[in-house]
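# Coordinate analysis (summary)
What follows is each chain in one-letter form.
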Amino acid sequence: MSTTDWPDVQLHVVSGKGGTGKTTVASALALALARDGRRVLVMEVEGRQGLSQVFESPPLPYAERRLVTVSGGGEVWGLAVDPEEALLDYLELFYNLRRAGGVLRRMGAVEFVTTIAPGLRDVLLTGKAVELVRRSDKKHDTPYDAIVLDAPPTGRITRFLNVNTEIAGVAKVGPIRQQADGVMAVLRSARTAVHLVTILEEMPVQETIDGVAELHDSALPVGGIVINMMRPPLLPEGNCEVPDAAQLDAGLAAAGLTATSTVIEALRGEAADHIARVALEATERERLAVLDRPMYELPYLPGGMDLTGLQEMAVMLREQGMA
Amino acid sequence: MTFALTAPHLEIDNLLADRATRIIVCCGAGGVGKTTTAAALGLRAADMGRNVCVLTIDPARRLAQAMGLTELDNSPRKVPGVTGGGSLSAMMLDMKRTFDEVVESHSDPARAQAILDNPFYQALSSSFAGTQEYMAMEKLGQLRAEADRDGTWDLIVVDTPPSRSALDFLDAPDRLGTFLDGRFIKILTAPARGAGKGLGKLLGAGFGLFAGVLTKILGTQLLSDLGAFVSAVDTMFGGFRERAEATYSLLKDDGTSFIVVAAPEPDALREASYFVDRLETDQMPLAGLVLNRVQEVRAPELSVERAVAGADRIEDSDPMTSALLRLHADRLRNAERQERLARKFVSAHPEVSVTEVVALPEDVHDLTGLRTVGDLLAD
Ligand SMILES: Nc1ncnc2c1ncn2[C@@H]1O[C@H](COP(=O)(O)OP(=O)(O)OP(=O)(O)O)[C@@H](O)[C@H]1O
Ligand SMILES: Nc1ncnc2c1ncn2[C@@H]1O[C@H](COP(=O)(O)OP(=O)(O)O)[C@@H](O)[C@H]1O
Ligand SMILES: [Mg+2]
Ligand SMILES: [Mg+2]
C-alpha cells in the first residue's frame, strides 16, 4: 500500500473522548507512518507516560528517544513533553533565562505559570510540536518525516490548538507574536490534520460530532475519524431476527449438542442482545458518516493491548489508507 | 451475581434504606458509569420512600432529558415519575454558576460584581483544571446545608467529574486552595496587598526579569487583575484553602458513604484500587465497589469448547446456529477474562463489598433503564 489519504500531512494530531484510545491509536499511527525507512516521532503532552506503557519501554524523559525500529529501516521515536521544562526552554529561547530556572522552580513560579495560565502551557506544547515539524524546513540534521501528537481530549482540543491566536490579543508585535503567528500558520495549514478517535457509543460519538464542528469553526483542519474497539457483527450478514426455538433446537442437534430449553432460551437471549447492540452501533455509525470524513476502523483486541496488537493495528491503518 | 467472587456482597438496599445514610458519593475513572450509578441509586432510594437529591456532573444528553435536566438553573428540580411516598430531585452542576454564587453570597453586590467582571476570575472559574471538582464539593456543601435547614432531602447522591483519575476528586480542591494561597501568588500580587517592600532584594535579579517576562506574556492587565482577585477573595472568606478543608471534612462525616464504580477492565480497576487505598488512608467510609458493564453469561453450562466444536460441525449447513454458538463462546471468554481481573481486585482488597451490573445491550437513557440498573445493583 503506497497511497495514503494524507500525503501532505506532517503533523497528525490525535484527539478523542477520554479513554477511547487516543494514546493507543496515536502510537499505532506512528508505527504505520514509519514505513519505507521513515523516521516518525510520537509525542505526548499530558505528563502521564502513556507512550512508555504502550511501547513497553522505561519512562520517557523530556528528550527524544527511539522506541522501535520497524522492518524496512523505519524508526518510531518518542517524546514526553514536560510543560515545566518546555517553559524553561521557552524562556531561554527568548530571554536567556534558563539559569534562573532553579530559583523560579523553588519559588513555585514555574508551577504557577503552568497552572494559572493553562493557555501559556498550551502555547509551549503546541510550540514544541510545530518546532519539530519545522525541522524538515530548516535542514536540521535529524528531521522527522512525520510527527504524531497524542493530544488532549476532544473537549479541550480546539482551545488547545487555537491558543496561539489568543497571544495575538496580548502581544501586538515582537518575537512572541511572531512565534505565535508562525505556530498558528502551521496548525491551520494542510501540513496538519486533527484526527478524532471514538467508539460506537452515544456519548463519544456526540463528542466527536461536537468536536468536528468546533474545529471547523476555528478553521482547524479536521482529519479522519478512527472508530476504535469495533466488535465485528457475529451473525451472518443481514440477520436481525432471533431464530425460533424449534429451529435452534434442530441446529444444535445437528451440531451434536443436546440442549435443554434453558440453553436454547439463553442462546436466543444472547442473540437478541447482540442484535440490539449491532443496531445501536449502526445508528451511531450513521451519525458519524454524516460528517463526511474518512473513517478508519480498528477492532477490539479481546486479549488486551500489547506490542503485537499495536503492530496489527498499524497494519490495519496502513491498509485502510490512514498512513 | 455473575462472577464467583469471594468478596462480601454489597447490599445496596440496606445502604439506601438506612436513614443514617445522608450522602453517597460515586467515584471512579471516566466513562465507567458513575453518573448512571448515581442516578440509579437516587431513583431507587426515592422509590423506597426517601427524599433524594441527585447531583450529576455530566449526564449523557438523553439521560439528562429523561430526568428533566434541561433547565440549567443550577438548582435541583423534581423528577416526575417516582413511585411511592418518596421524592427525587436532580440537578446538573454548572461549575461557573456555582463559583459565581459563592462570590455573590460572600460579598456586597458591588464587590461581587467587580470580581465577576475580573478576567482572571473568569478564566479561573471556567477553565482551571480542578475547578469542577472544587465546585462539586462546594455544591454538595450547599445542598447539605439546605437539607439540614429545610429538611428538603434526607439523602444526597453525588456524581463526580469525569477526571482521568478518581483521586482528582479528593485532591483538586486542596490543590486549588493551596495554589491560590501559595507563596508565589502572594509575592506576585503583593503590591496589590500593600506588602511589597524589599521583594526585589529578597528574590534577586532573576525574579525581576521573570516578572518582566510574565508581564510580557500574560499582560500587565492580567497580573493586576490577578492581584485584585486574590485580595478580594482573601477578605471574602479567609482563603480558599480553609473553605476546601471544611467541605472535605463533610466527606469524613458518619453519614457519608463512598461507592467506587469500575468496569472490569485493567485501567478502571487499577484506578478503583488506588481510590480504595486512599479512602482507607483518609479514613473515609467506603460502602463498596460497583462492577459495572460486566459481561453477562447466560447458560454457562454450555462450555466454550463444546460451543466451538459444535459451531465447526454445522458451519456450512446451519450458519445461523453456528454463529450463535460462536457468539456464546465469545461472551464466555470475555466473561472469564473479566472475572480474572475482578478476582485480582478482590484478592488485593478482600474486605471490600462488591455488586455487579451487567452491560446492558443499549445505553441507559430513561427512568426505565435506571430502574433496571437499580435492580441489578441491589441484586
Ligand atoms: N482496539 C483496542 N482493543 C483493545 N483494547 C484497547 C484498544 N484500544 C485501546 N485499548 C485499551 O483501552 C484503554 C484506553 O486506551 P488509551 O490509553 O489509548 O486511551 P486514551 O484515549 O489515550 O485515554 P486517556 O483519555 O485516559 O488518555 C487502554 O487500556 C488500551 O490498552
Ligand atoms: N450497565 C450499563 N450497561 C450499558 N450501558 C451503560 C451501563 N452503565 C453505563 N452505561 C452507559 O455508558 C455511558 C457512560 O456512562 P456514565 O454513567 O455517563 O459514565 P461516567 O459518569 O462514569 O463517565 C452512558 O452512555 C451510559 O448510558
Ligand atoms: Mg491517553
Ligand atoms: Mg459522568
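Quick note: structure is the one above.
Attention here is on the structure that accompanies the text. (Residues numbered from 1 in each chain as written. Chains lettered and ligands numbered in written order. Predicted model: local features only at pLDDT ≥ 70, side-chain atom pairs only at ≥ 80, totals over all residues. Heavy atoms only, no water.)

Right, let's talk about the overall build of chain B for a bit. Assigned secondary structure in chain B consists of 18 helices and 8 strands. In chain B, which comprises 379 residues, the share counted as buried stands at 56%. Of the contacts made within chain B by residues no fewer than 6 positions apart, 78% connect residues no fewer than 24 positions apart. Surface summary for chain B: the accessible area is close to 15500 Å², and the carbon and sulfur share equals 51%. (Helix = DSSP H or I, 4+ residues; strand = E, 2+ residues; numbered from the N terminus. Buried < 20%, exposed > 50% of the residue type's maximum accessible area, 1.4 Å probe, protein only. Contact = heavy atoms within 4.5 Å. Areas by Shrake-Rupley, 256 points an atom, 1.4 Å probe, with all protein chains shown as cover.)

Here we come to the site of ligand 1. Near ligand 1 there are 16 residues, and of these Lys22, Thr23, Thr24, Pro299 and Leu301 of chain A occur at the shortest range. Around ligand 1, the nearby residues trace back to chains A and B. Within the side chain of Thr23 of chain A, a nitrogen or oxygen atom sits 2.7 Å from an oxygen atom of ligand 1. When isolated, ligand 1 has an accessible area of 630 Å², and the protein chains bury 80% of it. Within the residue set of the shell around ligand 1, elements represented by two or more residues are helix H1 (22-33) and strand S7 (222-230) of chain A. Among the elements that make up the shell around ligand 1, the one with the highest residue count is H1 of chain A (3 residues). (Near = heavy atom within 4 Å. Polar contact = N/O pair within 3.5 Å; in protein donor to acceptor, adjacent residues only side chain to side chain.)

Once that is clear, we can look at the sheet that holds strand S2 (residues 39-44) of chain A. Residue and element names in this part refer to chain A. Ordered by their spatial adjacency, 8 strands build an open sheet running S3-S4-S2-S5-S1-S6-S7-S8, and the pairing between neighbours is mixed. Two strands lie at the open edges of the sheet, namely strand S3 (65-69) and strand S8 (295-299), each paired on one side alone. Taking each pair of neighbouring strands and ignoring which way they run, the sheet shows an average axis angle of 25°. Inspection of the sheet shows S7 paired to S8 by 4 bridges, in the parallel sense. Opposite Val226, over in S8, you have Tyr296 as the bridge partner. Strands S7 and S8 of the sheet are contacted by helix H12 (residues 307-319), whose axis makes an angle of about 155° with S8. (Pairing = 2+ DSSP bridges. Axes fitted to C-alpha atoms, helices over the stretch in contact; angles between N-to-C directions.)

Time to look at the coordination of the magnesium ion (ligand 4). Ideal values differ by geometry: the angle at a metal is 109.5 degrees with four tetrahedral donors, but 90 or 180 degrees with six octahedral donors. Protein coordination at the magnesium ion (ligand 4) comes from Thr35 of chain B (OG1) and Asp58 of chain B (OD), with a distance range of 2.1 to 2.3 Å. On the criterion of sequence distance, the pair formed by Thr35 of chain B in helix H2 (residues 34-47) and Asp58 of chain B in the loop between strand S2 (51-56) and helix H3 (61-66) is long-range, its members being 23 residues apart. (Donors = N, O, S within 2.8 Å, 3.2 Å for Na, K, Ca; no water.)

This part covers the site of ligand 2. Lining the immediate environment of ligand 2, one finds 16 residues, of which Gly33, Lys34, Thr35, Thr36 and Leu360 of chain B sit closest. More than one chain reaches ligand 2: its neighbouring residues belong to chains A and B. Note that an oxygen atom of ligand 2 is positioned 2.9 Å from one of the backbone N or O atoms of Val364 of chain B. Within the complex, the protein chains bury 96% of what would otherwise be the 570 Å² of accessible surface of ligand 2. For the shell around ligand 2, the secondary structure elements donating two or more residues are H2, strand S7 (286-294) and strand S8 (354-358) of chain B. Sorting elements by how many residues they give to the shell around ligand 2 places H2 of chain B first, with 3 residues.

For the rest of this paragraph, the subject is the pattern of salt bridges. Applying the stated criterion to the full structure yields 38 salt bridges over all chains. A salt bridge links Arg326 of chain B to Asp312 of chain B, with the shortest nitrogen-to-oxygen separation between them at 3.0 Å. Pair noted here: Arg326 of chain B is in helix H17 (residues 319-348) and Asp312 of chain B is in helix H16 (residues 304-313), with a separation of 14 residues, a long-range link. Several salt bridges converge on common partners, so that one network encompasses Glu270 and Asp273 of chain A together with Glu296, Arg298 and Arg331 of chain B. (Salt bridge = Lys/Arg side-chain N within 4 Å of Asp/Glu carboxyl O.)

Residues and elements named next belong to chain B. Going through the model one piece at a time under the given rule, you end up with 0 disulfides over all chains. Unpaired in terms of disulfides, Cys26 finds its nearest cysteine sulfur in Cys27, a separation of 7.3 Å. You can call Cys26 buried: its relative accessible area is 0%. Given the relative accessible area of 0%, Cys27 is considered buried. (Disulfide = S-S within 2.5 Å.)

Moving on: unusual backbone geometry. A positive phi angle, close to 50°, is found at Glu56 of chain A, a residue other than glycine. Inspection of the secondary structure puts Glu56 of chain A in the loop between helix H2 (50-54) and S3.

Attention shifts here to the side chain of Asn164 of chain A. Residues and elements named next belong to chain A. The residue Asn164 is located in helix H7 (residues 154-170) in this model. A polar atom in the side chain of Asn164 sits 3.1 Å from the side chain of Thr126. Not counting the four nearest positions on each side in its chain, Asn164 is found in contact with Val123, Thr126, Ala180, Val183 and Met184.

Below, the discussion takes up the sheet that holds S8 of chain B. Residue and element names in this part refer to chain B. If you trace the 8 strands from one edge of the open sheet to the other, you get S3-S4-S2-S5-S1-S6-S7-S8, paired in mixed fashion. The open sheet has two free edges, formed respectively by strand S3 (77-78) and S8, since each of these has just one partner strand. The sheet contact formed by strand S1 (residues 23-27) and strand S5 (residues 155-158) spans 3 bridges and is parallel. Bridge pairing in S5 links Ile24 to Val157. Strands in contact with H2 are S1, S2, strand S4 (87-92), S5, strand S6 (256-262) and S7; relative to S2, the strand with the most contacts, it is inclined by about 170°. Of the strands in this sheet, S7 and S8 touch helix H18 (residues 367-378), which is tilted by about 145° from S8.

The subject of this paragraph is the environment of Glu319 of chain A. Relative to the assigned elements, Glu319 of chain A resides in helix H12. Linking Glu319 of chain A and Ala32 of chain A, residues 287 residues apart in sequence, is a C-alpha distance of 9.4 Å.

What follows deals with the pairing of strand S5 (residues 146-150) of chain A. Residues and elements named next belong to chain A. With respect to burial, S5 is a largely interior element, 5 of its 5 residues being buried. Side-chain alternation along S5 places Ala146, Val148 and Asp150 on one buried face and Ile147 and Leu149 on a second face that is also buried. Pairing geometry for strand S1 (residues 11-16) and S5, over 4 bridges, is parallel. Paired with His12 across the two strands is Val148, which belongs to S5. Across 5 bridges, the pairing between S2 and S5 is parallel. Bridge assignment links Val42 to a residue of S5, and that residue is Val148.

Shape is all these values report; function is a separate question.
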